[in-house]
Amino acid sequence: MKIAQRLDNKSLAERSKVIRRHIIRMLARAGSGHPGSSLSTVELLVALYYNKLRHNPQLPAWPDRDRFILSKGHACPALYAILAELDYFPLEKLDTLRQFGSILQGHPCMKTTPGIEISGGSLGQGLSVGLGIALAAKLDKKNYRTYVMLGDGEIEEGQIWEAAMAASHYKADSLCAILDQNGLQIDGFIHEIMSSHPIPDKWRGFGWHVMEIDGHDFKAILNAYDEAEKVKGRPTIIVAKTVKGKGVSFMENQVDWHGKAPSKEEAERALAELK
Amino acid sequence: MAEMIATRQAYGEALLELGEKNKNIVVLDADLSKSTTTAKFGKKYPDRFFNMGVAEANMVNTAAGLATCGKIPFVSSFSIFATGRTWEQVRNTICYSGLNVKIVATHSGVSVGPDGASHQCIEDISLMRTIPNMTVIEPCDAVETKKSILAAVDYKGPIYIRLGRAAVPVITNKAAPYTIGKADILRMGEDVAIVACGALVANSLMAADTLLKEGIKATVVNMHTIKPLDQETLVKVAMQVNAMVTAEQHVLDGGLGSAVATSLARVYPIPIEMIGIDNRFGQSGEPDTLFKEYHLMPEDIALAAKKAITRKKK
């Protein structure tokens, strides 16, 4: 079965720019959505989908595929853009985001969108689903891996820590969480709303293998994905420091761009920066 | 005298049997496996049993993940935790995705007894039946419980099965057919119909006996599947008797009575009296005492039947 194609870091950077352009266009057209949270995930997702995941866009239900769950489901424009670029569905569908009858719902829906592993959008639930998949892999003696992307606002949900405890208890070493640590949540900076620091120590305390990286640096990201694969007997979390709104100067690190679509004029400015 | 067996006991035994036949069955519990009786499965099939600790939300979504990989997860806890604590996980991850997860919860209703109101879930039918894609079942005895568990495996999609702690009389037989969504008419009579689920089915049969002594002939319907409701049978019975009583160990809001009334109101409205818990919490006490206190006894059902009959249009 198909293994992800390997792109060099320059190509990955070009891909990332394409994905960011899609995100801006999609959200401007939809008139709502989450640009900041989508833009911070781009390098982490591009590296995963283009260089790491074993998957087959022509056969989304291939039983031996690696799984990816976007637990911070509001960042789905980034994932939709990647899935479309990889031919899970036609690129034109991106223009229908959030519209009535679209395969691209406002938050991920496994029933309508090829390549979506689980419906989501309600924060805190994806890590548990990932654990279930990891347990199934163990039962079936399969070697596929499960990746779950979390937000740093999301980990305020208690269920995340239930899952963290259970994944460690069940030695779910095929489970790799990716924390998109962009430092912001809807109401403001994380440290102002609900201080969750020190994050890496908390995960270590729960028995996880923890890596801390720059979430926009392809070399660091790919090294982390490779290292996670070698860890045995416990799950891994990659704490990836990112910039919310990354790539669009006026959106970067701005809380107001969590859940607001760009106007036509703002979109043009953003696209000009992403040339 | 009928044999007395708790429906939760039948569940544990059904799982043991299924575990042998179907290797895709996995069982998850949240530190209540001795009480829910899933521990028996855990002992025999340790690889396919996951004790998730006191963390029900995670348990429900772990089951969802297992289901996406072709497993058939049975998720168990007390009904207050399996449906109340986890309602949003059940809604957003299991039912929205239409996943093949079976939530089988024990300790529903006031018949939980001494543990008191905190552990007596009387809202779960309502909580589960409002979610699109969900099927809701409450078996009336141990024999029917086993049939419902077997049928749940063959049914593809999410199911909630509501079981009890206390022993209840065995009133159905092994040979009788069982289909999810198909009501079981236990007795025919032309004056009034009693439509019940769970432990209240046995009490309804006793009520029908009492009524017969007074010359009133009652139909008794075991409505084991509350969703999807067997509207066809319901309307047919309603047309024959023109007066009805519903009976359940659940709050009146959103339970069986509510489902029946909603259904008939649109097709064939008739007088309906409802036996159930009226806007109150439970409390500590023995099940029999609590059934008296909350008016769930055969005499309460018989009285309601007579009242429904007096409301018939002349």
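The shown structure was predicted, so the numbers you read here are calculated from the model rather than taken from an experiment.

Novice: Would you mind showing me how to read the sheet that holds strand β5 (residues 102-106) of chain B here?
Specialist: Within a sheet, neighbouring strands are paired by backbone hydrogen bonds and run either parallel or antiparallel to one another. All names here are of chain B. Pairing within the open sheet is mixed, and its 7 strands lie in the order β3-β2-β4-β5-β7-β6-β12. Of all strands in the sheet, those with a lone pairing partner are β3 (49-51) and β12 (225-227), marking the two edges. For this sheet the average axis-to-axis angle between neighbouring strands, irrespective of direction, equals 20°. With 3 bridges joining them, strand β6 (residues 135-137) and strand β7 (residues 159-162) adopt parallel strand pairing.

Novice: I would appreciate a short explanation of the interface of chain B and chain A in the present structure.
Specialist: How large an interface is tends to be reported as the accessible area lost when its parts come together. Taken together, the contact pairs 27 residues of chain B with 26 residues of chain A. Overall, the association of chain B and chain A removes approximately 2000 Å² of surface from exposure, summing both partners, and the carbon and sulfur fraction of that is 59%. Together, B:Asn58, B:Cys69 and B:Tyr96 form the three largest contributors to the area buried by chain B at its contact with chain A, with a combined 26%. The salt bridge involving A:Asp140 is made with B:Lys71; its shortest N-O contact spans 2.6 Å. Where chain B touches chain A, the interface holds 12 residue pairs in polar contact (both at pLDDT 80 or more).

Novice: Quick question: what am I supposed to make of helix α4 (residues 76-85) of chain A here?
Specialist: Since there are 3.6 residues in each turn of an α-helix, residues three or four apart along the chain are aligned in direction. All names here are of chain A. Of all 10 residues in α4, 10 are buried, a share of seventy percent or more. Of all the residues in α4, the buried ones are Cys76, Pro77, Ala78, Leu79, Tyr80, Ala81, Ile82, Leu83, Ala84 and Glu85. Buried residues belonging to α4 abut α1 (9-30), α2 (35-39), α3 (42-51) and β1 (67-70).

Novice: I would appreciate a short explanation of helix α9 (residues 218-230) of chain A in the present structure.
Specialist: Residues and elements named next belong to chain A. Under the 1.5 Å per step criterion, the end-to-end length of α9 is 19 Å for 13 residues, consistent within 8% with the ideal 18 Å. Among the residues making up α9, those that are buried are Phe218, Ala220, Ile221, Leu222, Ala224, Tyr225 and Ala228. Those residues of α9 that are buried are in contact with α1, α3, β2 (146-151), β3 (175-181), β6 (209-214) and β7 (236-241). Where α9 begins, the capping side chain belongs to Asp217, and its oxygen is found 3.0 Å from the backbone nitrogen of Lys219.

Novice: Explain the domain arrangement of chain B here, please?
Specialist: All names here are of chain B. We note that the domain assignment places domain 1 (4-169) and domain 2 (184-310) within chain B. The partner domain 2 presents 34 residues to the 31 residues of domain 1 that form the contact. Regarding the contact of domain 1 and domain 2, the summed buried area is about 2300 Å², with carbon and sulfur atoms giving 58% of it. Among the residues of domain 1 in contact with domain 2, Val110, Ile122 and Arg129 are the three that bury the most area, contributing 28% of the side total. At the boundary of domain 1 and domain 2, one finds 0 salt bridges. Here domain 1 is connected to domain 2 by 18 residue pairs in polar contact (both at pLDDT 80 or more).

Novice: What should I look at first to understand empty space enclosed by the protein in this one?
Specialist: A water-sized probe, rolled over the atoms, reveals where empty space remains. Residues and elements named next belong to chain A. Under the criterion given, the structure shown has 3 cavities of 30 Å³ or more. By volume, the largest cavity amounts to about 90 Å³. Along the walls of the largest cavity sit 13 residues, with His55, Arg65, Asp66, Tyr88 and Glu117 positioned nearest its centre. Partitioning the lining of the largest cavity into residue classes produces 7 nonpolar, 3 polar and 3 charged. Taken as a whole, the second largest cavity encloses approximately 50 Å³ of empty space. If you trace the second largest cavity, you find it lined by Phe68, Ile69, Leu70, Leu79, Pro108, Ile116, Glu117 and Ile118. Its residues placed into classes, the lining of the second largest cavity shows 7 nonpolar, no polar and 1 charged.

Novice: Explanation requested: the environment of A:Ile19 in the structure shown.
Specialist: All names here are of chain A. Its location among the elements puts Ile19 in helix α1. Overall, Ile19 belongs to the buried group, its relative accessible area being 0%. In sequence terms Ile19 and Ser38 are 19 residues apart; their C-alpha atoms lie 9.9 Å from each other.

Novice: How should I be thinking about the layout of surface pockets in this particular structure?
Specialist: Residue and element names in this part refer to chain B. Volume-wise, the largest pocket comes out at about 560 Å³. Around the largest pocket, the lining is made up of 28 residues, and of these Met4, Ala167, Val168, Pro169 and Asn203 lie nearest the centre. Among the elements of the structure, β8 (167-169), α9 (200-213) and α12 (287-293) are those that each provide at least two residues to the lining of the largest pocket. For the lining of the largest pocket, the residue count by class is 18 nonpolar, 7 polar and 3 charged.

Novice: What exactly am I supposed to notice about the packing of α1(A) against α3(A) here?
Specialist: All names here are of chain A. Put simply, α1 and α3 touch, their axes get as near as 10 Å, and they point 120° apart. Judged on the interaxial angle alone, α3 and α1 are oblique. Handedness of the crossing formed by α1 with α3: right-handed. Along its contact with α1, which presents Leu12, Arg15, Ser16, Ile19, Arg20 and Ile23, the element α3 presents Val42, Glu43, Val46, Ala47, Tyr50 and Asn51. Of the residues that constitute the contact of α1 with α3, the class distribution is 7 nonpolar, 2 polar and 3 charged.

Novice: Help me understand the side chain of B:His250, please; the structure alone is not making it clear to me.
Specialist: Residues and elements named next belong to chain B. Topologically, His250 is positioned in strand β13 (residues 244-251). In this structure His250 comes out as buried when scored by relative accessible area, which is 0%. A polar contact is formed between the side chain of His250 and the backbone oxygen of Ile122, at a distance of 3.3 Å. At 3.4 Å, the side chain of His250 forms a polar contact with the backbone nitrogen of Asp124. Filtering out sequence-adjacent residues up to four positions away, His250 remains in contact with Ile122, Glu123, Asp124, Ile125, Ser126, Arg162, Gly255, Gly276 and Ile277.

Novice: How should the packing of helix α1 (residues 7-21) of chain B against helix α8 (residues 142-154) of chain B be read in this particular structure?
Specialist: All names here are of chain B. Where α1 contacts α8, the axes come no closer than 8 Å and their chain directions differ by 40°. By the criterion of interaxial angle, the relationship of α1 to α8 is oblique. Taken as a pair, α1 and α8 cross one another with a handedness that is right-handed. Between α1 and α8, the residues in contact are Thr7, Ala10, Tyr11, Ala14, Glu17 and Leu18 and Ala142, Thr145, Lys146, Ile149, Leu150 and Val153, respectively. In terms of residue class, the contact of α1 with α8 is built from 8 nonpolar, 2 polar and 2 charged.

The rules behind each value
- Residues numbered from 1 in each chain as written.
- Chains lettered and ligands numbered in written order.
- Predicted model: local features only at pLDDT ≥ 70, side-chain atom pairs only at ≥ 80, totals over all residues.
- Heavy atoms only, no water.
- Pairing = 2+ DSSP bridges.
- Helix = DSSP H or I, 4+ residues; strand = E, 2+ residues; numbered from the N terminus.
- Axes fitted to C-alpha atoms, helices over the stretch in contact; angles between N-to-C directions.
- Contact = heavy atoms within 4.5 Å.
- Buried area = accessible area lost by both parts, 1.4 Å probe.
- Salt bridge = Lys/Arg side-chain N within 4 Å of Asp/Glu carboxyl O.
- Polar contact = N/O pair within 3.5 Å; in protein donor to acceptor, adjacent residues only side chain to side chain.
- Buried < 20%, exposed > 50% of the residue type's maximum accessible area, 1.4 Å probe, protein only.
- Expected span 1.5 Å × (residues − 1).
- Domains from an automatic or database assignment.
- 1 Å grid on protein atoms, 1.4 Å probe; cavity = no way out; pocket = protein on both sides within 12 Å on 5 of 7 lines; lining within 4 Å.
- Points joined across faces, edges and corners; volume = space filled by probe spheres on them.
- Nonpolar A, V, L, I, M, F, W, Y, C, P; charged D, E, K, R; others polar.
- Parallel < 35°, antiparallel > 145°, perpendicular 65-115°, else oblique.
- Left-handed = near helix turned anticlockwise from the far one by under 90°.

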